[in-house]
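# Notes for the structure review
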Amino acid sequence: MLRLLLILSLLASPLFAAKPNIIFVMADDMGWGQTGYRGHPLLKTPNIDAMAADGLRFERFYAGCPVCSPTRASVLTGRSPDRAGVLSHGYALRLQEKTISEALKAAGYVTGHFGKWHLDGFKGPGAPILRDDPRSPGKFGFDEWVSVTNFYDQNPLMSEKGEFIDFKGDSSDVVVDQALKFIEKNHSGDKPLFTVIWYGTPHAPFKALDADKAEFGALDKSSADHYGELVALDRSLGKLRQKLRDIGIADNTLLVFNSDNGGLPGITPETVGGLRGFKGSVFEGGLRVPGIIEWPGVVKPRVTKYPVCTMDLFPTVADVLGLPDDVLLQPLDGLSLKPLLSGEIGERQKAIPFRFGSKLALTGQRYKILTENIENGLFQLYDIET
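For clarity, every value in this text was computed on a predicted model and none was experimentally measured.

### A word on the packing of aromatic side chains
Within this structure, the stated rule accounts for ten aromatic pairs. Geometrically, the ring pair formed by Trp117 and Phe142 is edge-to-face, given 6.1 Å between the ring centres and 90° between the ring planes. With a gap of 25 residues between them, Trp117 in the loop between strand E4 (110-116) and strand E5 (144-148) and Phe142 in the loop between E4 and E5 connect regions that are remote in the sequence. Both residues of the pair, Trp117 and Phe142, count as buried. A ring pair is formed by Phe142 and Phe194, whose centres lie 6.1 Å apart and whose planes are at 15°; its orientation type is stacked. Of this pair, Phe142 sits in the loop between E4 and E5 while Phe194 sits in strand E8 (residues 193-198), and the two are 52 residues apart along the sequence. Overall, the relative accessible area of 0% leaves Phe194 in the buried class.

Quick look at the structure:
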């Protein structure tokens, strides 16, 4: 009888309520130290800070790779970028991969992608994605998309399912506005939402609106524009969070915010919060990024030191929704964080793998082994806790 009551109480919990809306938001080249809650000396991020205060804030959230395209592949597949064929920028996501967008579409979700894509094999600055691109967001399970091949800045030229549109304004404002059109159009329908928002900020070249960079006048121009872009990103995230509350879906929306790799070198003040290494490195500064999960109806606010990775997002969503095992392609490198949403769960039992060129790393709860050059056979072992 006691067991039956326990099962009934679990089924009545928010985790088993109506399918949640799911929104993945990712910055482009934002370092671990570039938030107000991390104590940045100049940058104020009131909306990111509010999300962190209301959600589950990760002290050790890792990008899937120290550069952008591979991390994006890890988000969509739950697998290491190597398995998905995306070794660096300029490598396309394999068509035989199973993606979270495809799985959620099959589970009854309406799906939308907005912003940087960078999984169709193109290098160079972002350009509108052609309608017949064989690896467009639409080919990987997105019903609607307004996207570019790579990074994008002010007044971006983007593609809405193949139709080129010349937008005006800061790129962060533009992409969130397009995502909100999708959310407002679909939130009251009979299908839950899966929305991916991939910023082009603060990726170089740095171009901020004058008002956004005004408070950084004492910095060099490049750094001022870089931080001005992050002001716009934070503002747009605040607009997104407020709209979810205004239309009454915030409590049943799983919202994730993170960056795609570590911060950039040459920016003042520095970007990685005192960690070692930057974008392109498998030291902590190249991989550890801001990471927050907010789900007001389910997740109680707290800070965790449990190490997680972008590869964990798809398995987590699949577990929360009770999707069949075969929606995930094996071998799988991520693991479900569903138990962590309710409270601390001890040490991570599955190590997280990273590779970028000849640089390799493997990290667990306490120890991390890495090499900056596999060819020389020399490895370094670190106790992350000390």
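### Looking at the nonpolar core
Among the nonpolar cores identified, the biggest contains 50 residues, and Ile22, Phe24, Leu104 and Phe194 are the most heavily contacted of them. Every element with two or more residues in this core is listed here: strand E1 (21-27), strand E2 (56-58), helix H3 (68-77), helix H5 (100-106), E8, strand E9 (253-259), helix H10 (313-321) and helix H11 (338-342). Ranked by the residues each element gives to this core, the list is headed by H10, at six residues. Setting aside chain neighbours within four positions, we find Phe194 in contact with Ile22, Phe24, Ile100, Ser101, Leu104, Tyr109, Val110, Thr111, Gly112, Phe142 and Phe182. In this structure, Val175, Ile183, Phe206 and Leu264 belong to the second largest nonpolar core, which totals 45 residues.

### Things to note about the pattern of salt bridges
When their charged atoms lie close together, side chains carrying opposite charge are able to pair. Tallying each qualifying case throughout the model produces 27 salt bridges. Note that Asp225 and Lys213 form a salt bridge whose closest N and O atoms lie 3.2 Å from each other. Of the two residues, Asp225 sits in helix H8 (residues 221-246) while Lys213 sits in helix H7 (residues 210-213), which places them twelve residues apart along the sequence. Like Lys213, Asp225 is buried.

### Thoughts on the environment of Asp29
In this fold, Asp29 is placed in the loop between E1 and helix H2 (46-54). Along the chain, Asp29 and Arg60 lie 31 residues apart, while their C-alpha atoms are 17 Å from each other. At a separation of 3.0 Å, a polar atom in the side chain of Asp29 contacts the side chain of Asn261.

### Topic: the sheet that holds E8
As summarised here, the arrangement of the ten strands in space is E7-E6-E5-E4-E8-E1-E9-E11-E2-E12, forming an open sheet in which the pairing is mixed. A strand with exactly one partner marks an edge of an open sheet, and here the two such strands are strand E7 (163-166) and strand E12 (302-304). Neighbour to neighbour, the strand axes of the sheet diverge by 15° on average, direction disregarded. Alignment of E4 against E5, held across five bridges, turns out to be parallel. In the sheet register, Lys116 faces E5, and the bridge partner there is Val148. Packed on one face of the sheet, H2 meets E2, E9 and strand E11 (291-294) and runs near 60° to E11.

### As for the state of the cysteines
Scanning the model with the defined rule gives zero disulfides in all. The structure places no disulfide on Cys65, whose sulfur is separated from the nearest cysteine sulfur, that of Cys68, by 8.8 Å. With a relative accessible area of 0%, Cys65 lands in the buried category. In this model Cys309 remains outside any disulfide bridge; the closest cysteine sulfur is found in Cys65, 9.8 Å from its own.

### Here we look at the packing of H2 against H8
Two elements in contact, H2 and H8, have axes separated by 7 Å at closest approach and are oriented at 50°. As judged from the angle between their axes, H2 and H8 are oblique. Residue-level inspection shows Pro46, Asn47, Ile48, Ala50, Met51 and Asp54 of H2 in contact with H8, the latter providing Leu233, Asp234, Arg235, Leu237, Gly238, Arg241 and Arg245. Of the residues in the contact of H2 with H8, the class split is six nonpolar, two polar and five charged.

### Notes on the pairing of E1
Within E1, seven of the seven residues are buried, which leaves it mostly tucked inside the rest of the structure. The side-chain alternation of E1 yields two buried faces, one formed by Asn21, Ile23, Val25 and Ala27 and the other by Ile22, Phe24 and Met26. Direction of pairing for E1 relative to E9: parallel, over a ladder of seven bridges. Residue Asn21 lies in a different strand from E9, and its bridge partner there is Thr253. As judged from the five bridges shared by E1 and E8, these two strands associate in the parallel manner. Within E8, the position partnered with Met26 by the bridge is Trp198.

Thresholds applied
- Residues numbered from 1 in each chain as written.
- Predicted model: local features only at pLDDT ≥ 70, side-chain atom pairs only at ≥ 80, totals over all residues.
- Heavy atoms only, no water.
- Phe/Tyr/Trp six-rings, centres within 6.5 Å; stacked < 30°, edge-to-face > 60°.
- Helix = DSSP H or I, 4+ residues; strand = E, 2+ residues; numbered from the N terminus.
- Buried < 20%, exposed > 50% of the residue type's maximum accessible area, 1.4 Å probe, protein only.
- Core = buried A, V, L, I, M, F, W, Y, C linked by side-chain atoms within 4.5 Å.
- Contact = heavy atoms within 4.5 Å.
- Salt bridge = Lys/Arg side-chain N within 4 Å of Asp/Glu carboxyl O.
- Polar contact = N/O pair within 3.5 Å; in protein donor to acceptor, adjacent residues only side chain to side chain.
- Pairing = 2+ DSSP bridges.
- Axes fitted to C-alpha atoms, helices over the stretch in contact; angles between N-to-C directions.
- Disulfide = S-S within 2.5 Å.
- Parallel < 35°, antiparallel > 145°, perpendicular 65-115°, else oblique.
- Nonpolar A, V, L, I, M, F, W, Y, C, P; charged D, E, K, R; others polar.

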